[in-house]
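Architecture at a glance
The lines below spell out each chain.
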Amino acid sequence: MWERKQLKERAKITFKIFYWKAVLVSFIAFMLTGGMSQVASSASDLQDTYNSSYSENYTEEYEDEYSKLEDAGTGITEDLFANGLVSFFVNATIVVLILSLLIKLFIAYPVTIGKNNYFMGIREEEKPVKTILSAYKSGKLKSSVFTMFTMDIFIYLWSLLLLIPGIVKSYEYRMIPYILSEYPNISRKRAFEISKHMMNGNKWNTFELDLSFIGWHILSICTLGLLSIFYVNPYVESTNAELYAYLREDALEKGYAQESELIGF
């Protein structure tokens, strides 16, 4: 059984050897996955806030004026104007949602896979920063993105049952992006099966591993995120890579996966 302390010690040794590249890759990955997703989400929230604010102001400030206009026989114009604004806000919201989905499909998913490929690769040798784009060069981008999208859909559906099932499934599927980074040709079904076997009996320990970084994240907030950029993010990524490396070897030894499926980095 793996130990949290050992994983973290090996992780620190690995990413410090290739420190600046590891920092750059983790920063690019954050900006192109978490960062851009937050921008899209913020745009959606801003749209909702603006819609709500407009509705309140529209009612409070112009109620008297529109009453006069209605009396003057301009009710039809008002309806057309109001309907036009509603249509505009609905269309804008749809555009934001579509944009968010496109960012997820064509940027966040491939970059996540490429980032995992990089951090797994530097465990053995130096890798160029452009490794983060490996998913685009694999020739299997479409199937990899579909598998990642399916994973998120399943987690979301399980979350609808209550929060806990969604969290459990997120840990069960946790190794899917690593499996895809190692073998893009793998089928969606096999990726799910192998990840499920890998995480069987390891979910709680992995949860504790995640909790062990809380102190670092709090310190990062105190430094306005600088500590995350220059230490915490590459540290976490390297630790997760060490976890996958252990579970990968365990899966091969126990026959959950074949060497033709987990071909190495």
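Above this text is the structure in question.
An account of the accompanying structure is given in this report. Computed from a predicted model, the values in this text were never measured in an experiment. (Residues numbered from 1 in each chain as written. Predicted model: local features only at pLDDT ≥ 70, side-chain atom pairs only at ≥ 80, totals over all residues. Heavy atoms only, no water.)

**Some words on the side chain of S195**
- Relative to the helices and strands, S195 resides in helix α8 (residues 188-199).
- When its relative accessible area of 0% is taken as the criterion, S195 is described as buried.
- When sequence neighbours within four positions are dropped, the list of residues in contact with S195 reads E172, Y173, R174, M175, I176 and I179. (Helix = DSSP H or I, 4+ residues; strand = E, 2+ residues; numbered from the N terminus. Buried < 20%, exposed > 50% of the residue type's maximum accessible area, 1.4 Å probe, protein only. Contact = heavy atoms within 4.5 Å.)

**Some points on the nonpolar core**
- In this structure, M175, I179, M198 and Y244 are the most contacted members of the largest nonpolar core, which totals 48 residues.
- Taken together, the elements giving at least two residues each to this core come down to α1 (4-17), α2 (19-71), α3 (75-121), α5 (141-159), α7 (176-182), α8 and α11 (226-254).
- Ranked by residues supplied to this core, first place goes to α11 with 10 residues.
- In this view, Y244 contacts M120, M175, Y178, I179, E182, M198, L262 and F265; residues no more than four positions away in its chain are not counted. (Core = buried A, V, L, I, M, F, W, Y, C linked by side-chain atoms within 4.5 Å.)

**Examining the environment of R123**
- On the secondary structure map, R123 appears in the loop between α3 and α4 (134-137).
- A relative accessible area of 30% places R123 in the partly exposed class.
- In contact with R123, other than residues within four places in its own chain, are T14, A241, E242 and A245.
- Engagement of the side chain of R123 in a polar contact is seen with the side chain of E242, the distance being 3.1 Å. (Polar contact = N/O pair within 3.5 Å; in protein donor to acceptor, adjacent residues only side chain to side chain.)

**A short note on a nonpolar patch on the surface**
- A contiguous nonpolar patch, built from V90, I94, I98, L102 and F106 and spanning about 440 Å² of accessible area, is present on the exposed surface.
- Structurally, I98 can be placed in helix α3. (Patch = residues over 30% accessible without salt bridge, like charges linked within 9 Å, V, L, I, M, F, W, Y side chains within 5 Å. Areas by Shrake-Rupley, 256 points an atom, 1.4 Å probe, with all protein chains shown as cover. Salt bridge = Lys/Arg side-chain N within 4 Å of Asp/Glu carboxyl O.)

**Brief notes about the packing of α5 against helix α6 (residues 163-172)**
- Put simply, α5 and α6 touch, their axes get as near as 6 Å, and they point 155° apart. Considered as vectors, α5 and α6 are oriented roughly antiparallel to each other. When α5 is examined against α6, the residues I155, W158 and S159 are found in contact with a partner set consisting of L163, P165, G166, K169 and S170.
- Here the residues of the contact of α5 with α6 sort into 4 nonpolar, 3 polar and 1 charged. (Axes fitted to C-alpha atoms, helices over the stretch in contact; angles between N-to-C directions. Parallel < 35°, antiparallel > 145°, perpendicular 65-115°, else oblique. Nonpolar A, V, L, I, M, F, W, Y, C, P; charged D, E, K, R; others polar.)

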